[in-house]
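Each chain is listed here by its residues.
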Amino acid sequence: MWGKIKHWVEVRLGLEELINRHLRSYKTPKGANFLNTLGFVALIAFIVQVITGIMLLLYYLPHPDHAFQSVQTITNDIPYGWLFRLIHNIGSNIIIGVIIIHLIHVFLRVSYKRPREVTWISGCIMFFLVLLTSITGQLLPWHQTGFWQTTVTSTIPAFLPVIGEGISSYMRGGEFVTGITLSRYFSFHVVILPVIISVLIGLHVLLIRRQGISTSPSLEPESSKTSSTEFKRENHPEGRPCFPHFSLKRLFMVMIYFAIVFFILTFMPNLFLPPETNIPANPLMTPESIRPAWYFLAPYQLIKIIPNDIMGISLVVIFSAILLLWPFFDAKEGERNILKRPILLSAALIALTLWGIFTVWGMY
Amino acid sequence: MKRYLLLQIVILIVLFSTDFSQAGYRETFEKEFMLSPWSIAKGETSACIQCHTSDDMGPEMHEITRQWKDSWHAKNNISCHDCHGGAPEDASMSMMHQRGFKGSPQDSDIPEFCGSCHIAILDNYLKSGHGKTFCDAAEGPSCVTCHGSHNIQQANMDIINEQLCSQCHTYERAKEMKQALFIVENKLSSVEESLAHLQMLGINVDDQEKSFFRTHLEFRALFHSIDVEAVRVKSSDYTQKLEIIESKIDDSFNKLAYRRNFSAYLFLLFIGLSIVVFLLSKSYEQK
């Protein structure tokens, strides 16, 4: 009976052939380890955000008079609403952590070089869009923290010369954070940004399928040199089939991702929900301190310590542009092993250390 | 190499084209940007506070604003005009009687002044020994004698103390009242603490808070009658009311415990699954 069902499905869908062609005969490089699965983990984390977001959307009301109460209803009255809300909240922080580690890993393996420049750029753009999604999502529950964080984040672009005021005004839909801002952020958070990110994920995955997972320069040096006008996919003769070897690694990391989410949910459910998130937004009462989310602390601190508004924001923009276009700054063919490139390695380590210091500094 | 050079030039141009002269930027950022209520229209900024904190005013006027900022009123968004009237949005008309400005009350008007909001307390106070003495002899304790004025804090049992009460009479009677209040006051504090804790954890306690607020208000109003017997007799009623709220609070804590257990179960499930997948992955690697 089972055999018949399997045959019926196989004739119509050809799953076996699909798995054989795309997973079993698709070889991953010899040095592919758990860190290589972080892109996949980020994809799963994004899907989790979409699913939990849809569940929240069923009860959420994007109106200043009802938004806070609707989130309270989701958390307290809707069966398991608290679970979806907390997974969405914790997941939004973990996805950024995963992407940051993924970016650092790709950078340290110098995997952004030809022919993977577009893959790197699409990844960076997705990172920025995920950050933007996070910014827009903060306002939606219409609590004190979100309201005042939005007031701060929507004011920062105003420091940019010429276009700054326009950006700020567009973000808020006026001079102040109001219901217009809420409906604007809502549209961006639930439709515009997720759609753009999904398209970019498609492009990113397609590029990885075409180019294959980047090899580890220390374990499997690139076999042949091709000119910049040609493309030749690495065969990885010593590599392992994607299924089941690499797929199990991916599955393991996805399990770890869920374990981390539920660990935080069990032992620190309010880690990313400070007490002010339980107070409705009050434009007349400024909280004692307004701090952005942990992943914005470094740029926030940078802007704070630099004694000039234009310079502070310009530096953040320049650093972001350098990150985005880094493959073109390091486009020269040559050594891919970062351990043999002391200048690049020290620059990367200094940047990471500074980022860490500014993040910790921003907390105080 | 050219690319690195280009990058350095871009950074240098930005660094040199910026103005370093704005040394006070950080202060401006923190004071005016981080701490000011950005979203309210500029016109709504209180004219009372602007004027009373200006350099034209003496230190005693500055002190009024400072005391109010630390007060229980300020924490509950009760501003100057809520008591003194006037038009805080319009500096030129803010102290005009036509705009409802009442100014500072005469001593004899203080109970009515505070009682315009604290209605039930005013009723009980006027019927009490304190109120009668105040009205008949135009002296004796009014609201500000015990609670202060601009620096008013949340009322609690510590207000009844020997130093304050013995200014007018012996402490014995006040001590009896304090003992009569003790059980209910303790329960009020523990319920209030639990409600604040639940709210901080994201639990909706609006109904319990409303019920608590009503009970709290009624009990405080009763106390202002300074009738020890009445307080003793009604204490059990208030204790009962507070116990109902406490049982709802317990339900909320049970709900939280269920959430924690449920997510702990999911956590252990995924830990278990990750171990299984890891072992499976290792076994495939060995093949």
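The sections below set out a description of the structure shown in this document. (Residues numbered from 1 in each chain as written. Chains lettered and ligands numbered in written order. Predicted model: local features only at pLDDT ≥ 70, side-chain atom pairs only at ≥ 80, totals over all residues.)

So, about the overall build of chain A. From N to C terminus, chain A includes 14 helices and 2 strands. A principal-axis box enclosing the C-alpha atoms of chain A has dimensions of 65 × 60 × 35 Å. The buried share among the 364 residues of chain A stands at 35%. When contacts within chain A are restricted to residue pairs at least 6 apart in sequence, those whose partners lie at least 24 apart make up 77%. (Helix = DSSP H or I, 4+ residues; strand = E, 2+ residues; numbered from the N terminus. Buried ≥ 20, exposed ≤ 12 C-beta atoms within 10 Å, placed from the backbone. Contact = placed C-beta atoms within 7 Å.)

Bringing the overall build of chain B into the picture now. When its secondary structure is counted, chain B shows 14 helices and 0 strands. Secondary structure elements in chain B, listed N-terminal to C-terminal, are α-α-α-α-α-α-α-α-α-α-α-α-α-α. The buried share of chain B, reckoned over its 287 residues, is 19%. A separation of at least 24 residues holds for 59% of the contacts in chain B among residues at least 6 apart in sequence.

This next bit is on helix 7 (residues 144-155) of chain A. All names here are of chain A. With 12 residues, helix 7 extends 17 Å from end C-alpha to end C-alpha; this agrees with the ideal 16 Å at 1.5 Å per step. Of all 12 residues making up helix 7, 10 are buried, and the element is well covered by its neighbours. On its buried face, helix 7 sits against helix 6 (117-139), helix 8 (164-172) and helix 9 (179-211). (Expected span 1.5 Å × (residues − 1).)

We now examine the environment of G115(B). Residues and elements named next belong to chain B. Residue position: G115 is located in helix 7 (residues 110-115). Its 16 C-beta neighbours within 10 Å are what place G115 among the partly exposed residues. Each C-alpha atom, one on G115 and one on C143, is 9.2 Å from the other, the two residues being 28 residues apart in sequence. Setting aside its immediate chain neighbours within four residues, G115 contacts I121 and L122.

Okay, helix 3 (residues 38-57) of chain A next. Between its terminal C-alpha atoms helix 3 of chain A stretches 28 Å, which fits the 28 Å expected from 20 residues at 1.5 Å a residue. Among the residues of helix 3 of chain A, those classed as buried are L38(A), G39(A), F40(A), V41(A), A42(A), A45(A), F46(A), V48(A), Q49(A), T52(A) and L56(A).

Our next topic: unusual backbone geometry. In this model, R114(A) is joined to P115(A) through a cis peptide bond whose omega is 10°. Inspection of the secondary structure puts P115(A) in the loop between helix 5 (81-108) and helix 6. Residue F243(A) is joined to P244(A) through a cis peptide bond whose omega torsion reads 5°. Here P244(A) lies in helix 10 (residues 242-267). The phi angle at V110(A) is positive, at roughly 50°, despite the residue not being glycine. For V110(A), the location among the structural elements is in the loop between helix 5 and helix 6. The residue N77(B) is not glycine, and still its phi comes out positive at about 60°. Here N77(B) is to be found in the loop between helix 5 (72-75) and helix 6 (80-84).

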